[in-house]
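Next come the chains, spelled out residue by residue.
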Amino acid sequence: MAKGPLPTALPPLPPLAAVRCFEAAARHLSFTRAADELAMTQAAVSYQIKVLEERLGVPLFLRGPRGVSLSEAGRRLEPAVTSAFADLREAFAAIGGERGGTLTLSVVNSFAAHWLLPRLGGFGRAHPEIAVRLEVSPELVDFARRDVDVAIRMGQGDWPGLARHRIMDVAFTPILSAELLAASRPLRTPADLLDLPLIDPVDPWWGQWFAAAGVEAPALAARRGLWVESQTLAARAALSDQGVAILSPEFFADELARGALVQPFPLLHAPGSAYYLVYPPARRRAPRVAAFREWVLREAAETPAVQAVVGAPPDWSPAAALSSDAAAPDRPSSDPSAADPPASKPPV
């Protein structure tokens, strides 16, 4: 029997060290950052990429006075190389027995303190083999440079190169102490709040909420008041009768239930942002990441959805026992030198 033609042999792969340097440099668009990640010198990375370019006979990077960029050949090669290394990392992680170990989680302050921590014991009971290291920070995580497995951040979900899962929507409303409410003249309309001290009056959420309520409040940035850095601090200030804070009712459900804090109006403003679980796609099947993802999304699904009231309801009478489920992000540090409030919250 005649045999068919033998398949054409593929050319041998270039040196793996050179390919590895290309993948890191293409991801960072920087030989220096690639060298830092790979624990090499910048000259060594540059040499390995030169070896690869000579092997292929085409330039992979364009060198310029302000750094490097991928050439046409580099842009064609980068997706396949990045995908291959992602698959390798995932395979080694799965074979390496990462079912236990430590899950490092970066979370913004108020979400960590008021939503995640009260529930986190449930994750520990479900996965006793996984320890959790919680980092509280408003900064976005550079997963390529930080030893962080997953993060929870607020925004529109537009983080290129990251897997993301929506946890809950953002909504907020004014809240004050029962004592301050009792000591003040009756709050019959949202505009009456302007007669009280506002905690963090430069917070852009105040302007958004008043606009949704149909109230003109153009002088918020000029008001004197206490400026704070998180919902936790704003709530503490409200509990001590220092003014009205703009908060997430869900984060302070206990204080609202016992009457220490009061939500005077039913309007919850939802600006369209949400909390997301984010991580590099290569980690999607790492056992401890998958375990946390499944747990946190299940917890979120069991949390009542935000019921945001759009526009001013016809009856604005205060309801001292009223509380609604919502989720609102941390606020940035206030700058007393700022003449005008920012237009929107940063994606922390």
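Residues numbered from 1 in each chain as written. Predicted model: local features only at pLDDT ≥ 70, side-chain atom pairs only at ≥ 80, totals over all residues. Heavy atoms only, no water.

A. Representation of the sheet that holds strand E5 (residues 150–155) in the model. Spatially, E4-E3-E5-E10-E6 is the arrangement adopted by the 5 strands of the open sheet, whose pairing is mixed. If you trace the sheet from one side to the other, it starts and ends with strand E4 (130–136) and strand E6 (163–169), each paired once. Here the strands of the sheet are splayed against their neighbours by 25° on average, with no regard to which way each runs. As paired strands, E5 and strand E10 (residues 274–279) are joined by 5 bridges and run antiparallel to one another. Within the sheet, the bridge partner assigned to Arg153 lies in E10 and is Tyr276. In the packing of helix H5 (residues 109–126) onto the sheet, contacts are made with strand E3 (101–107), E4, E5, E6 and E10, and the angle to E4 comes to roughly 170°. (Pairing = 2+ DSSP bridges. Helix = DSSP H or I, 4+ residues; strand = E, 2+ residues; numbered from the N terminus. Axes fitted to C-alpha atoms, helices over the stretch in contact; angles between N-to-C directions. Contact = heavy atoms within 4.5 Å.)

B. Region of interest: the pattern of salt bridges. Evaluation of the coordinates by the stated rule reveals 11 salt bridges. Note that Glu299 is salt-bridged to Arg119, the shortest N-O span being 3.8 Å. With Glu299 in helix H10 (residues 287–301) and Arg119 in helix H5, the pair connects residues that are 180 residues apart, well separated along the chain. Here Glu135 and Arg133 are joined by a salt bridge, their closest N and O atoms 2.8 Å apart. Each member of the salt-bridge network shares a partner with another, and the members are Glu23, Arg27 and Glu37. (Salt bridge = Lys/Arg side-chain N within 4 Å of Asp/Glu carboxyl O.)

C. Highlighting the packing of aromatic side chains. Tallying each qualifying case throughout the model produces 14 aromatic pairs. For the ring pair Phe111 and Phe251, a centre distance of 6.4 Å and an interplane angle of 75° mean the geometry is edge-to-face. Of this pair, Phe111 sits in helix H5 while Phe251 sits in the loop between strand E8 (245–247) and helix H9 (253–257), and the two are 140 residues apart along the sequence. The class of Phe111 is buried, set by a relative accessible area of 0%. A relative accessible area of 5% means that Phe251 is categorised as buried. Taking the centre distance of 5.5 Å and the plane angle of 80° together, the rings of Phe123 and Phe292 count as edge-to-face. In this pair, Phe123 is assigned in helix H5 and Phe292 in helix H10, connecting sequence segments 169 residues apart. Given the relative accessible area of 0%, Phe292 is considered buried. (Phe/Tyr/Trp six-rings, centres within 6.5 Å; stacked < 30°, edge-to-face > 60°. Buried < 20%, exposed > 50% of the residue type's maximum accessible area, 1.4 Å probe, protein only.)

D. Seen up close, helix H8 (residues 231–239). Along H8, the residues classified as buried are Gln231, Ala234, Ala235, Ala237 and Ala238. Burial along H8 is one-sided: seen end-on, the buried residues are contained in an arc of 160°. At its buried positions, H8 is contacted by H5, strand E7 (173–177), E8 and strand E9 (261–262). With its phi angle positive at about 65°, Asp241 sits one or two positions after the end of H8. (Arc of directions from axis to C-beta.)

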